[in-house]
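An overview of the molecular structure
Here is what each chain is made of, one letter per residue.
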Amino acid sequence: MTAVSISRRQRLAPLLLCVLGLLVAQLASAKSGGVDYSWGAGALAKAHDYTVTMMLYVLYVCYAVGSVMAIISALLIYFKMQYHEGEVVKNILTLLGAILFIIGASVVFPAFFGYRI
């Protein structure tokens, strides 16, 4: 049996990568959010309005992505059925997934923020 010798540099590399990862994560979390809570209830109401507005925009983007996926999947299913190609079931499942995504987005995103549309 031969002994595998690990150099000092190879032993130190994972440790240095871990330390670097921790430092980068600390720098990224140093400035998180631009809401100033020192102004009291007015600032909290402003932060709430901003969050609800952004939630609605994210919901609309999810609707758009899901709708485009549903249209593309429906067209692919139509063309594959016309030309008797395979993988029709895969496209039908993609269409079903897009529809479930639209339904899920309309329920999950508002519920995550405790808001009813």
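Refer to the preceding data block for the structure.
Residues numbered from 1 in each chain as written. Predicted model: local features only at pLDDT ≥ 70, side-chain atom pairs only at ≥ 80, totals over all residues. Heavy atoms only, no water.

**Some thoughts on the overall build of the chain**
Filter applied, for reference: Under the scheme used here, helices are H or I runs from DSSP no shorter than 4 residues and strands are E runs no shorter than 2 residues, and both carry numbers assigned from the N terminus. We call a residue buried when its accessible area falls under 20% of the maximum for its residue type, exposed when it is over 50%, and partly exposed in between, using a 1.4 Å probe and counting protein chains only. What makes two residues a contact is simply this: any of their non-hydrogen atoms within 4.5 Å. Using a 1.4 Å probe, the Shrake-Rupley method yields the accessible areas, and only the shown protein chains count as cover for residues.
Secondary structure assignment for the chain yields three helices and zero strands. Sequence-ordered secondary structure for the chain, helices as α and strands as β, is α-α-α. Each of the 117 residues in the chain was classed as buried or not, and the buried ones make up 14%. Within the chain, residue pairs in contact and separated by at least 24 positions form 59% of the contacts whose partners lie at least 6 positions apart. If you sum the accessible surface of the chain, you get close to 9800 Å²; carbon and sulfur atoms cover 71% of it.

**Things to note about a nonpolar patch on the surface**
Quick reminder of the rule: Excluding any residue in a salt bridge, patches collect residues exceeding 30% relative accessible area, merging like charges within 9 Å and nonpolar Val, Leu, Ile, Met, Phe, Trp and Tyr side chains within 5 Å. A pair is scored as a salt bridge if a Lys or Arg side-chain nitrogen falls within 4 Å of a carboxyl oxygen belonging to Asp or Glu.
On the surface, a nonpolar cluster with roughly 760 Å² of combined accessible area is contributed by Val-89, Leu-93, Leu-96, Ile-99, Leu-100, Ile-103, Val-107 and Val-108. By secondary structure assignment, the location of Leu-100 is in helix H3 (residues 88-112). Judged by its relative accessible area of 52%, Leu-100 falls in the exposed class.

**As for the environment of Ala-105**
Topologically, Ala-105 is positioned in helix H3. Residue class for Ala-105 comes out buried when judged on its relative accessible area of 4%. The sequence separation of Ala-105 and Tyr-63 amounts to 42 residues, and the corresponding C-alpha distance is 7.5 Å. Beyond its immediate stretch of four places on either side in the chain, Ala-105 contacts Leu-59, Cys-62 and Pro-110.

**Focus: the environment of Thr-53**
Here is the rule: Pairs of N or O atoms are called polar contacts if they sit within 3.5 Å, as long as, within protein, a hydrogen donor faces a hydrogen acceptor (for residues adjacent in sequence, only side-chain-to-side-chain pairs).
Structurally, Thr-53 is set in helix H2 (residues 41-82). In this structure Thr-53 comes out as partly exposed when scored by relative accessible area, which is 31%. At 2.7 Å, the side chain of Thr-53 forms a polar contact with the backbone oxygen of Asp-49.

**What to know about the pattern of salt bridges**
All chains considered together, the criterion is met by one salt bridge. With a shortest N-O distance of 3.5 Å, Lys-80 and Glu-87 are connected by a salt bridge. On the accessibility criterion, Glu-87 (52% relative accessible area) is exposed.

**With respect to the packing of H2 against H3**
Which entries qualify depends on this criterion: As a rule, the C-alpha atoms of each element are fitted with a line to give its axis, helices using only the stretch in contact, and angles between N-to-C directions run from 0 to 180 degrees. Angles below 35 degrees are treated as roughly parallel, those above 145 as roughly antiparallel, those between 65 and 115 as roughly perpendicular, and all remaining angles as oblique. For any helix crossing, the convention is left-handed if the near helix is rotated counterclockwise from the far helix by under a right angle, and right-handed if that rotation is clockwise. Three categories are distinguished: nonpolar for Ala, Val, Leu, Ile, Met, Phe, Trp, Tyr, Cys and Pro, charged for Asp, Glu, Lys and Arg, and polar for the others, with Gly belonging to the last.
Where H2 contacts H3, the two axes come as close as 8 Å, and the packing angle between them is 165°. In terms of orientation, H2 lies roughly antiparallel with respect to H3. Viewed along their axes, H2 and H3 form a crossing whose handedness is left-handed. Classifying every residue of the contact of H2 with H3 by side-chain character gives 20 nonpolar, six polar and one charged.

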